[in-house]
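Listed here are the chains, written in short residue letters.
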Amino acid sequence: RDLPPPLDDFELSKIRKMSMEIHGLGIYQYRFDGTITYIDKVALEIFNVQHLYPDPEMAIGKKISDLIIYIEKEGSIREIVKIKGHFIGESYHFKTLDGQDRWVLNDFYLIKHPSTGEELIHATMKDITDRQIAEDLINKSLSEKQILLREVHHRVKNNLQIICSLVNLEWLNSRNKDLKVSLQN
């Protein structure tokens, strides 16, 4: 069979970038002090700062804390990556600069810059905010239903106790021996 020649690295890189954009995967790299060394358009959109940095190059040299509001301790992921070399498949919650809650699914990897040897963190992320909000609503609904179910169970138990008490009173006050035997069993 005649196969076409393989694509060169440049063509593969273009296809990979386009595919990642289509699927909403953002990439960024940063130093251990939080200084961004690379960021793409999708990452800027996920951070909701594309209006501040219409060109990703404008965000290079900025700190991550210039792009988001931390909810968790700043640098907590950096500590894990420094120790383990990666932090994979974890959701991370932060706020955008305009105060919106945002959840992302992240993969972080410790890498070395090919020319300088400097250790950097390479991050990929996907916005899962809609999924997280839906999950939270489902969990809240489930919790409410569990409370209602416990209440129904409690009321049924109370009603059965009242019925047993009424039957017991009928048994105590009855003069009919057949009825007493029947109620006793």
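Refer to the preceding data block for the structure.
We now turn to the structure provided with this report.

Parameters and conventions
- Residues numbered from 1 in each chain as written.
- Predicted model: local features only at pLDDT ≥ 70, side-chain atom pairs only at ≥ 80, totals over all residues.
- Heavy atoms only, no water.
- 1 Å grid on protein atoms, 1.4 Å probe; cavity = no way out; pocket = protein on both sides within 12 Å on 5 of 7 lines; lining within 4 Å.
- Points joined across faces, edges and corners; volume = space filled by probe spheres on them.
- Helix = DSSP H or I, 4+ residues; strand = E, 2+ residues; numbered from the N terminus.
- Nonpolar A, V, L, I, M, F, W, Y, C, P; charged D, E, K, R; others polar.
- Contact = heavy atoms within 4.5 Å.

## Quick word on the layout of surface pockets
The computed volume of the largest pocket comes to approximately 220 Å³. Breaking the lining of the largest pocket down by element, the ones donating at least two residues are helix H1 (9–22) and strand S1 (25–30). In terms of residues, the lining of the largest pocket owes the most to one element, H1, which gives 7 residues. Counted by class, the lining of the largest pocket contains 6 nonpolar, 1 polar and 5 charged residues.

## Overview of the environment of Ile 128
With respect to the helices and strands, Ile 128 occurs in the loop between strand S6 (119–127) and helix H4 (129–173). Distance from Ile 128 to Asn 106, taken between C-alpha atoms, is 10.0 Å for residues 22 residues apart in sequence. Apart from residues no more than four positions distant in its own chain, Ile 128 is found in contact with Ser 91, Trp 103, Val 104 and Leu 105.

## Details of empty space enclosed by the protein
In this approach, a probe sized like a water molecule rolls over the atoms, and the result shows the empty space that is left. Taken as a whole and judged by the stated rule, the model has 1 cavity of 30 Å³ or more. In this model, the largest cavity occupies a volume close to 160 Å³. Every residue lining the largest cavity is counted, 17 residues in all, and those nearest its centre are Tyr 28, Tyr 30, Tyr 70, Ile 77 and Tyr 92. Looking at the lining of the largest cavity, the elements with two or more residues in it are S1, strand S3 (68–70), helix H3 (76–84), strand S4 (86–96) and strand S5 (101–112). By residue class, the composition of the lining of the largest cavity is 12 nonpolar, 3 polar and 2 charged.

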